[in-house]
Amino acid sequence: MIVGTGCDLGVTTLNLRDPTLVAAADAYVLARADGTAFHRPAWLAAVEQGTGNRAHMLAAVSPAGRIAGLLPITHVRSRLFGQALVSSAFAVDGGVLADDAAIAAMLVRSARRLADDLGGLSIELRGGATPGDGWRSDGDSYLGFMRVLAADDEAELLAVPRKHRAEVRKALANPALTVEVGGAELLRDHYHVYATSVRNLGTPVFPAALFRAVLTRFAPDADIIIVRHDGRPVSAVLTLYHRGMVMPFWGGGLSEARGLRANELMYYRLMRHGRARGMTHFDFGRSKAGTGQAAWKKSWGFDPVPLIYHHFGPDQRDINPTNPKYQRRIALWKRLPLPVANLIGPLIARGLG
């Protein structure tokens with residue numbers, strides 16, 4: 001479907017069930033230095049499969065079929081939080097990926113037309129090219145953390161500031177802690193640890209189907225690391241690998257993980273694992289500015305960089321859990337039995353995006 005034209009290019013919605021089109025879009029993302037894992041068709045399709053939110057891949061295409069720009073969009077719907085077009089949903093990055101500003105403007109106009117066709121929805125772009133006039137930009141809410149991987153294990157330790165390095169060394173010296181790397185066979189343990197971790201933070205857990213879909217569609221560019229204490233899983237993370245980047249994404253730990261320094265061991269060993277895979281950089285993901293999580297990442301020697309997000313339309317969804325109006329609900333959620341939280345949580349979280 002053509003939704004906008006300009007120059008010799010047209011903007012069309014790619015059929016994500018066509019392997020040829022998916023391969024072309026993926027090649028475009030992988031060829032660009034500013035292309036992220038969250039621009040890839042695999043992410044868009046996995047989110048649709050795992051959450052039921054509809055995917056739209058807008059593409060600027062020449063008459064000869066050459067892709068010159070992409071804008072992955074998910075139509076996120078929630079009875080509690082409203083609707084929006086998000087790029088990229090359930091991700092920390094995304095937005096417009098284009099050869100030049102004129103093509104980026106075409107994709108933005110097409111996204112706005114799609115939002116109008118769907119009832120005047122708001123649009124959220126997490127990164128990417130600056131979308132132009134009429135958009136609200138926010139560079140104060142979220143921070144990103146990334147640095148170059150060191151040459152070897154000892155250099156990696158020395159890259160960690162002294163105080164936190166001591167915590168890593170304590171974890172390394174604990175013979176009861178073991179580390180396992182794998183795929184789908186570790187999803188059950190990963191989900192248990194992650195779901196418990198986010199419940200303890202007062203946050204609804206995402207559907208297990210989302211993790212399975214991402215792991216499956218990104219293979220072999222995704223895996224899981226589990227840290228066990230005397231054989232019992234206490235920390236876990238699902239990681240993506242993209243253009244030399246190690247990207248731990250969905251991770252957490254049980255309450256005892258902190259005292260065991262299990263997370264320290266997990267991320268240190270993930271850095272080693274990334275080097276073995278030929279990765280050169282470690283992306284610690286985003287954290288909300290001013291939070292303990294952001295401070296913890298800084299203690300590893302990562303310098304924060306503001307993430308710029310862009311919003312357009314009548315309603316900017318308020319899904320930030322640091323908002324004071326959510327504090328009572330968060331406190332109540334922390335007290336839910338885990339089976340109840342895991343039953344209700346995915347129904348809520350699939351609309352957060």
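In what follows, the structure referred to is the one given above.
Since we're looking at a predicted model, the values are computed, not measured.

## Points about the overall build of the protein chain
Line of reasoning, step 1. Across its full length, the protein chain holds 12 helices and 16 strands.
Line of reasoning, step 2. Expected size for 353 residues packed as a compact globule is a radius of gyration near 20 Å; at 20 Å, the protein chain falls within 12% of this value.
Line of reasoning, step 3. Taking the principal axes of the C-alpha coordinates as reference, the protein chain spans close to 65 × 45 × 35 Å.
Line of reasoning, step 4. Out of the 353 residues in the protein chain, the part that is buried amounts to 54%.
Line of reasoning, step 5. For the protein chain, long-range pairs separated by at least 24 residues make up 71% of all intrachain contacts whose partners lie at least 6 apart in sequence.
Line of reasoning, step 6. Entry remark: accessible area of the protein chain is about 15,900 Å², with carbon and sulfur atoms responsible for 54%.

## Some details on the layout of surface pockets
Line of reasoning, step 1. Reported here for the second largest pocket is a volume of approximately 570 Å³.
Line of reasoning, step 2. Around the second largest pocket sit 27 residues that line it, and T36, D93, M146, D283 and L307 are the ones nearest its centre.
Line of reasoning, step 3. Residue composition of the lining of the second largest pocket, by class: 13 nonpolar, eight polar and six charged.

## Here's the deal with unusual backbone geometry
Line of reasoning, step 1. Of note, the amide linkage connecting S87 to S88 takes the cis form, showing an omega dihedral of 0 degrees.
Line of reasoning, step 2. Residue position: S88 is located in the loop between β5 (82-87) and β6 (97-98).
Line of reasoning, step 3. Here A219 and P220 are connected by a cis peptide whose omega angle stands at 5 degrees.
Line of reasoning, step 4. One non-glycine residue with positive phi stands out, namely F90, at about 60 degrees.
Line of reasoning, step 5. With respect to the secondary-structure elements, F90 resides in the loop between β5 and β6.
Line of reasoning, step 6. Its relative accessible area of 5% is what places F90 among the buried residues.
Line of reasoning, step 7. Backbone geometry at R261 places phi at a positive 55 degrees, although glycine is not the residue there.
Line of reasoning, step 8. Within the fold, R261 resides in the loop between α8 (257-260) and α9 (262-276).
Line of reasoning, step 9. Judged by its relative accessible area of 23%, R261 falls in the partly exposed class.

## With respect to empty space enclosed by the protein
Line of reasoning, step 1. The final tally for this structure, using the stated rule, is one cavity of 30 Å³ or more.
Line of reasoning, step 2. Put simply, the largest cavity is a space of about 40 Å³.
Line of reasoning, step 3. Lining the largest cavity are F38, V92, M247, P248, F249, D283, F284 and G285.
Line of reasoning, step 4. For the lining of the largest cavity, the elements supplying multiple residues, two or more each, are β13 (245-253) and β14 (281-288).
Line of reasoning, step 5. Its residues assigned to classes, the lining of the largest cavity comprises six nonpolar, one polar and one charged.

## Observations regarding the environment of A64
Line of reasoning, step 1. Within the secondary structure, A64 sits in the loop between β3 (54-61) and β4 (67-78).
Line of reasoning, step 2. A64 sits in the exposed class, given a relative accessible area of 76%.
Line of reasoning, step 3. Along the sequence, A64 and G182 sit 118 residues apart, while their C-alpha atoms lie 42 Å from each other.

## Things to note about the pattern of salt bridges
Side chains carrying opposite charge are able to pair once their charged atoms draw close together.
Line of reasoning, step 1. Scanning all chains against the criterion turns up 18 salt bridges.
Line of reasoning, step 2. Residue R126 is joined to E124 by a salt bridge in which the shortest nitrogen-to-oxygen separation is 3.6 Å. Assigned by exposure class, R126 and E124 land together as buried.
Line of reasoning, step 3. With its nearest N and O atoms 2.1 Å apart, the salt bridge here joins E256 to R232. Note that E256 is positioned in the loop between β13 and α8 and R232 in strand β12 (residues 232-242), a separation of 24 residues in sequence.

## Remarks on the sheet that holds strand β10 (residues 177-182)
Line of reasoning, step 1. Taken together, seven strands build an open sheet; the order of strands is β10-β11-β12-β13-β14-β9-β15 and the sheet is mixed. For this open sheet the edge positions go to β10 and β15 (304-306), each flanked by a neighbour on one side alone. On average, each strand axis in the sheet is tilted by 30 degrees relative to the strand beside it, whichever way the strands run.
Line of reasoning, step 2. Where β12 and β13 come together, eight bridges link them in antiparallel fashion. Its bridge partner being in β13, L240 is matched across the sheet by M247.

## Description of the nonpolar core
Line of reasoning, step 1. The biggest cluster of nonpolar side chains holds 76 residues, and the ones touching the most others in it are W43, V214, L240, W250, F282 and W300.
Line of reasoning, step 2. Looking at this core element by element, the count peaks at seven residues for α9.
Line of reasoning, step 3. If sequence neighbours within four positions are ignored, V214 has contacts with W43, A46, L238, L240 and W250.
Line of reasoning, step 4. The next biggest cluster of nonpolar side chains, apart from the first, holds 23 residues, and it includes V11, L58, I73 and A115.

Criteria and cut-off values
- Residues numbered from 1 in each chain as written.
- Predicted model: local features only at pLDDT ≥ 70, side-chain atom pairs only at ≥ 80, totals over all residues.
- Heavy atoms only, no water.
- Helix = DSSP H or I, 4+ residues; strand = E, 2+ residues; numbered from the N terminus.
- Rg over C-alpha atoms; globule rule 2.2 N^0.38 Å.
- Buried < 20%, exposed > 50% of the residue type's maximum accessible area, 1.4 Å probe, protein only.
- Contact = heavy atoms within 4.5 Å.
- Areas by Shrake-Rupley, 256 points an atom, 1.4 Å probe, with all protein chains shown as cover.
- 1 Å grid on protein atoms, 1.4 Å probe; cavity = no way out; pocket = protein on both sides within 12 Å on 5 of 7 lines; lining within 4 Å.
- Points joined across faces, edges and corners; volume = space filled by probe spheres on them.
- Nonpolar A, V, L, I, M, F, W, Y, C, P; charged D, E, K, R; others polar.
- Salt bridge = Lys/Arg side-chain N within 4 Å of Asp/Glu carboxyl O.
- Pairing = 2+ DSSP bridges.
- Axes fitted to C-alpha atoms, helices over the stretch in contact; angles between N-to-C directions.
- Core = buried A, V, L, I, M, F, W, Y, C linked by side-chain atoms within 4.5 Å.

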